[in-house]
Amino acid sequence: ILEEVLNQCQQVGLISQGYYFLLTSLDAHTINLDNFKYGGTNFTSFRMINVERPEVQNVIFSIVESMLDQELRIGNINIPEGNLDTTTALIYDSVHAFALALNELRSVQQVYQRPLDCSGQNAWVHGNSLVNYMKMVEFVG
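Quick summary incoming for the structure in this document.

Conventions adopted
Residues numbered from 1 in each chain as written. Predicted model: local features only at pLDDT ≥ 70, side-chain atom pairs only at ≥ 80, totals over all residues. Heavy atoms only, no water. Helix = DSSP H or I, 4+ residues; strand = E, 2+ residues; numbered from the N terminus. Contact = heavy atoms within 4.5 Å. Areas by Shrake-Rupley, 256 points an atom, 1.4 Å probe, with all protein chains shown as cover. Expected span 1.5 Å × (residues − 1). Buried < 20%, exposed > 50% of the residue type's maximum accessible area, 1.4 Å probe, protein only. Pairing = 2+ DSSP bridges. Patch = residues over 30% accessible without salt bridge, like charges linked within 9 Å, V, L, I, M, F, W, Y side chains within 5 Å. Salt bridge = Lys/Arg side-chain N within 4 Å of Asp/Glu carboxyl O. Phe/Tyr/Trp six-rings, centres within 6.5 Å; stacked < 30°, edge-to-face > 60°.

1. Some thoughts on the overall build of the chain
Next up, step 1: Secondary structure assignment for the chain yields four helices and two strands.
Next up, step 2: Its helices and strands in sequence order give the chain the pattern α-β-β-α-α-α, from N to C terminus.
Next up, step 3: For the C-alpha atoms alone, the extent of the chain along its principal axes is close to 65 × 40 × 35 Å.
Next up, step 4: Long-range contacts, defined as pairs at least 24 residues apart, comprise 48% of the intrachain contacts of the chain with a sequence gap of at least 6.
Next up, step 5: Summed over its atoms, the accessible surface of the chain is roughly 10,800 Å², and 52% of this surface lies on carbon and sulfur atoms.

2. Observations concerning helix 3 (residues 86-108)
Next up, step 1: A rise of 1.5 Å per residue sets the reference length of helix 3, with its 23 residues, at 33 Å; its end C-alpha atoms lie 33 Å apart and thus fit the reference within 8%.
Next up, step 2: Of all the positions in helix 3, only Thr86, Ala89, Ala97, Ala101 and Leu105 are classed as buried.
Next up, step 3: On the buried face of helix 3, the contacting elements are helix 4 (127-136).

3. Focus: the pairing of strand 1 (residues 20-23)
Next up, step 1: Side chains Phe21 and Leu23 project from strand 1 onto a buried face, and the interleaved Tyr20 and Leu22 project onto a face without burial.
Next up, step 2: Summarising the sheet, strand 1 and strand 2 (residues 42-45) pair through four bridges and their orientation is parallel. Bridged to Phe21 within strand 2 is Phe43.

4. Comments concerning a nonpolar patch on the surface
Next up, step 1: Together, Leu26, Met48 and Leu90 make up a nonpolar patch on the protein surface, roughly 280 Å² of accessible area in all.
Next up, step 2: Topologically, Met48 is positioned in the loop between strand 2 and helix 2 (54-74).

5. Focus on the side chain of Thr86
Next up, step 1: With respect to the secondary-structure elements, Thr86 resides in helix 3.
Next up, step 2: Look past the residues within four positions of Thr86 in its chain and what remains in contact with it is Leu26, Asp27, His29, Met48 and Ile49.

6. Notes on the packing of aromatic side chains
Next up, step 1: Under the definition given, this model contains two aromatic pairs.
Next up, step 2: Judged by centre distance (5.5 Å) and plane angle (20 degrees), the ring pair of Phe21 and Phe43 falls under stacked. Of this pair, Phe21 sits in strand 1 while Phe43 is found in strand 2, placing the two residues 22 residues apart along the sequence.
Next up, step 3: Joined through ring pairs, the aromatic side chains of Phe21, Phe36 and Phe43 make up one cluster.

So, in structure tokens, the structure goes:
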């Protein structure tokens, strides 16, 4: 929606000298601003993802690679741009933090699972410990 709003701003003359935009979308870095760079407008935005970090580049590469593999199998070759949106990055980091915490928990006690009813009253015996380990997990994400 951000790119469409910026296109409409350009159509009514708001993308010109003297205008300043603070882009509040955390995915503003995924928008191609080339069409707006000669208008003289100042764009400011923030991002939570440092795409210069090797860890982030590896994640982007693996996501793009898996998308290409899947599309090659289907026969529909559409090469993705390789931008990592904030939601995907947060989900990736959440799963990574969960895996690190579970690994730490398994190193100090035997973790087992039993079938549980989602609407039942019983809780997983290791649930509180896992949450505590998740609170202590530190990694570069």
